[in-house]
Amino acid sequence: MEADWSETARIAFPGPSPSAPASAVTAFAFDAAQELLWTGNEFGRVTSFYGTELQWYTSYRGHASSAPRGSPGNAAVKQILFCTRGVLSLSSRGVHCASRRGLAQWHLEQDEMLDLRCMSFTGKGTDELVVAGCQPQMYRIDVEKGTLLETLVPPAPVLYTIMRRSGQYICAASSDGSIHLLDSKTLAVVRKWSAYAGVVNDMDARGDYLLTCGWAQQQHGGLGLERLVRVYDLKNLRPAAPVAFQQGAAFVRMHPKLSSTCIVISQSGAINSIDVQNPDVPTMRYAPTFDAQLTGLELMPSGRGFAMTDTHCQIVLWGSPSKTQFNEYSAPTEFPDTQMPVKHLDWVSDAPLNLIGMPYYREALLSGWPNSLVHELGAPPPKLEQALLATLRKTESGLVGANPRTTRRYQAENTRASLRGPGSIAAPKFLSEKPRDESGVHEGDRRLSEDIGKTLNGLALNGSSDPLAYYRPVEIKYSKFGIDDFDFRYYNKTKYSGLETHIVNSYANPLLQLYRFTNVARNLALQHAAQNCVHEGCLLCELGFLVDMLEKAQGQNCQATNLLKVLSKQRGAATLGILEDRTATTPLAVMVQSLNRFLLHKLEESYRLLAGRSTGIQAAFAMRGSSFIKCNTCHYLQEAKDQAWYSHDLVYPPKPAKTSPRTTSPPFTRILQDSLHRQEQQRGWCMRCQGYKAITSRRAIYGTPEVWMINAAIQTPEARQLWATRNFLPREVGTINANGQVYCYDGQDLQWHLSKRPHAITIYELVGLVAEVAAGETQKSHLVSLVNASVADPDASKPPSWHLVNDFLVRPVSEEEALHFDGRWKLPSIITYQAKSKSHIIDDSWKEELDTSILYRSVPQPALTPTYTFRTLTASDPLPNNTAHCAIDAEFVRLLREEIDMGPDGSRTITRPARSGLARVSVLRGDGPDQALPFIDDYIAIADPIDDYLTQWSGLHPGDLTPTSTRFTLVSLKQTYKKLWLLLNLGCKFIGHGLSSDFRTINIHVPEAQVIDTQQLFSLGERSARKLSLRFLAWLLLQEDIQQESNGAGHDSIEDARTALKLWRRYLEYEAEGCLEEVKDEIWRRGRRTEFKVPGSQGGGERRVAGSETPRGSAPSTPLRRPASVVRMSTPSRGDLGGSPLRLD
């Protein structure tokens, strides 16, 4: 408790209704994740206050009070805890869980719950809760699911009133004044102390200490608050020396940062800050209570203040006026959008119409004028060439120079063409447009557009054309056929796949590509993904899945949807400013470098969770050594700490003084060597001087990794100029690690060491880099990656093959262009070197070591139809292999609607497509006696808000994907994805209908050799480009009417997968009999007569519920606009449009 601590805020706790008086606070606690103080009252209402000013944030009723209006409540909140899902509150009859926004997650009540008093988590996590009270029963509760796991009735029940967890024990105070230590796993009593003649008033435990306050027998009879704080040593399980507190200890809390310090207060306002190990010199203060008595105490998690409550129903905040902060690192608190106040306008004759709104009008509006009367204005000025700008000289009137005479004297230059940006790449035509434009007929095989290189023929790095053309951001265009109609091959003719950009946080694409071409990272990620990793947020698994997808795609576009979704949910990601939707001003170079550090530490964490230690990943990425700190005053060398550094920020030499002699620029290896050891001057605590002194810190390195991830950290003009030096970045770097020092060499020095070999030397080869490109003065910067793809090629004889990877634009470039930097538009952000001994080593042994145990853990779902059957794979079943067939179908829900941009001419352009979430996957056996029997039927839990369940097509209803209300057994997305990924790598062939869109939403790439799509098998070829529906084919070829439930239940993925399997079998029969083309002719003829629909159905082969055009259970959607039907061809005049369309005269 510092000297300037005082009262900083005081508010009255609001009553149960706006007109009711203030109510007493029965429980309160500081949020450990956000700047919130949570409180509860006797009416069961939980209220939170934001910040040090205690602004009202949320309020909700967690527990129902049955007391009559105006009477005291009977649902007092006893205790408040926090978990990953939100806030847990306890009343005498139940436990309630709600999000921090106040939305209920679950509520648990039992008839036996009569007088609950306390609760505690049973472990370090927040997934399990134990609840007890003045009743015989105790309860274990699953916090994630909100379900009762176990009801415990000990042989000798104890009535508990307070619980606090510390380490392996749960400290519990009973109603008879004794203290019990419970084992957190078994809840058995380990130790018991009889402490007080009355009850325990307050208690707190942290670290090795348990502190209690209670009611003891007084000298003159009766009970009173004891003038001692009892201390118990949890390490040795024995009482320690108590702490004296003459005013009567009412409440006590351990300091969250100082392990042996506590805050003790009395009911009258005396406050002591006491060190349990040295209680003779307490810090004493007094809080004015204004004739009230204090009823509670809570310390901020940051240790910078505390809160108290009193009998006047007030909450009092104490702390430093300038330093008070609830948490050291708080997550941002979500607030509702502010409502703009309605501006008051006076209706007067001279008021501008644009301030009042659209009035009734009698003349044609400008938007109704024909194109013949519209003229373009505001053309941009002509752009001057850079060579011309260099010759201009400054005068008082501006820049003056010779006329370049590139145009005729009175020739007007069309400058509007430059609005798209100089050298920008024109988007290709949609695939659906090209056959119609070129041949006039629909073709079975869509022809690709010309190579982008022909479009930009002649662009050169040092030529007169714009060198930024390939480096500028590329954009996906959407037609009415969706993203499948976009010609990605226009941008990529190589075998290396790019990544799409319409996903949040896709700025990380260049960094992910850099990891993909680094063999060590690639091998490590795939070996990890092939093991039995069950952790939901494992980024190393997601990296392995992504690398495998990019390799299998062989040049086809991919997307990092799943990895980026897991990244956005990582703890601490938002506070570091690496999420696009949480930051708007941070430069991309800073974001991607922070992301690189964050990813490396998260990869190490994921690796350690499975392997149990970090040895493997540290050998791959970590520089291992010790950090030394030396006092500059007494030269005391503090004890070195072993550390591992995963990323390295370059530290550039300081700018020389103007009077200093001119020196040569240092080479890259010298800057790298100095940056690794990072000798820094700063102020720190000296153990010998016992004070803050100037200290020097440096690193001693004893082990170098296989991969160096280097952040360029360019922040000064001098650093920019340094990188513009020709051949500044070496292709190879040699390192010698001796006596805690790393020596770096390149060029001739490296060749000399290689020839003489005086020391063991390790050669590192440049794999690639992430570069920041300044796209232009009016555009945001952009990130691209430049990689040497030959390093990741198993053929060591191939020459270096540098490629530019600009999201989904991939093209080969020369090494000179790749390593050419210009301070004006192209600078590196992240550089990767890999040990040359690891180049060309592609380890695919993981394919033979796949852990397939997760395939045997599928569970059956509730039978929604009488014909539902299911049998999971067992150890006796043959494992699927490259000869096995599996029928598959998936159902999806809509998470976000598509974003549409309306043009001035009324045109609609899709700027971001609708985002879907995987909801159900069914996989059936395709061979053997159990053919068509499902062995995977997974429903996926979705934590994101669901915009529309698409019930008519998915068969899902609101609540089906919510763990607390679902009727199904839900699994995580990773579990389902891992099963499909294993089947893919085991070589199974997937049978289904329209699988390309399913696999795209699942975010998995299946090679064409492993896909049997009945939509493609029965395509009509030259007859028609129409894609036939599964229902129509089943009706026509199998004489089955599927997807026709009259109760609006929607599609059944098992039924659809089984139908696709039957169609494939029928296709094989037609092919064997040689009548396939005749069957397609019959499909064409029958389809034209029925409009390719099942007779009696409506639109798209789907039968709708009679009298209800809107599918039940789905969210409302935007109605279609009626197109304009009037085209004006002459000058509008008064009365032409008949006045306002909203009012008839």
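This one's a predicted model, so the numbers in the text were calculated from it and none came from an experiment. (Residues numbered from 1 in each chain as written. Predicted model: local features only at pLDDT ≥ 70, side-chain atom pairs only at ≥ 80, totals over all residues. Heavy atoms only, no water.)

Draft legend 1. Summary view of empty space enclosed by the protein. Overall, the coordinates contain two cavities of 30 Å³ or more when judged by the stated rule. Taken as a whole, the largest cavity holds about 60 Å³ of empty space. Around the largest cavity, the lining residues are E542, F545, L546, M549, Q559, A560, N562, L563, Y977 and N1003. Broken down by secondary-structure element, the contributors of at least two residues to the lining of the largest cavity are α7 (539–553) and α8 (561–568). Among the elements that line the lining of the largest cavity, the one with the most residues is α7, at four residues. Partitioned by chemical class, the residues of the lining of the largest cavity number six nonpolar, three polar and one charged. Together, L512, Y515, L539, L543, L563, L599 and L603 line the second largest cavity. Put simply, the parts of the chain that give the lining of the second largest cavity at least two residues each are α5 (509–516), α7 and α9 (588–611). Taken together, the residues of the lining of the second largest cavity break down into seven nonpolar, no polar and no charged. (1 Å grid on protein atoms, 1.4 Å probe; cavity = no way out; pocket = protein on both sides within 12 Å on 5 of 7 lines; lining within 4 Å. Points joined across faces, edges and corners; volume = space filled by probe spheres on them. Helix = DSSP H or I, 4+ residues; strand = E, 2+ residues; numbered from the N terminus. Nonpolar A, V, L, I, M, F, W, Y, C, P; charged D, E, K, R; others polar.)

Draft legend 2. Examining the sheet that holds strand β11 (residues 128–133) more closely. Ordered by their spatial adjacency, four strands build an open sheet running β10-β11-β12-β13, and the pairing between neighbours is antiparallel. On the outer flanks of this sheet lie β10 (116–121) and β13 (147–152), each paired with one strand and no other. Taken over all neighbouring pairs, the strand axes of this sheet differ in orientation by 25° on average, direction set aside. For β11 and strand β12 (residues 138–142), the ladder comprises four bridges, and the chain directions are antiparallel. Of the residues in β12, the one forming a bridge with E128 is D142. (Pairing = 2+ DSSP bridges. Axes fitted to C-alpha atoms, helices over the stretch in contact; angles between N-to-C directions.)

Draft legend 3. View of the side chain of S302. By the element assignment, S302 lies in the loop between β27 (294–299) and β28 (305–310). You can call S302 buried: its relative accessible area is 6%. Here the side chain of S302 touches Q325 through a polar contact of 2.3 Å, landing on its backbone oxygen. Beyond its immediate stretch of four places on either side in the chain, S302 contacts P256, K257, Q325, F326, N327 and E328. (Buried < 20%, exposed > 50% of the residue type's maximum accessible area, 1.4 Å probe, protein only. Polar contact = N/O pair within 3.5 Å; in protein donor to acceptor, adjacent residues only side chain to side chain. Contact = heavy atoms within 4.5 Å.)

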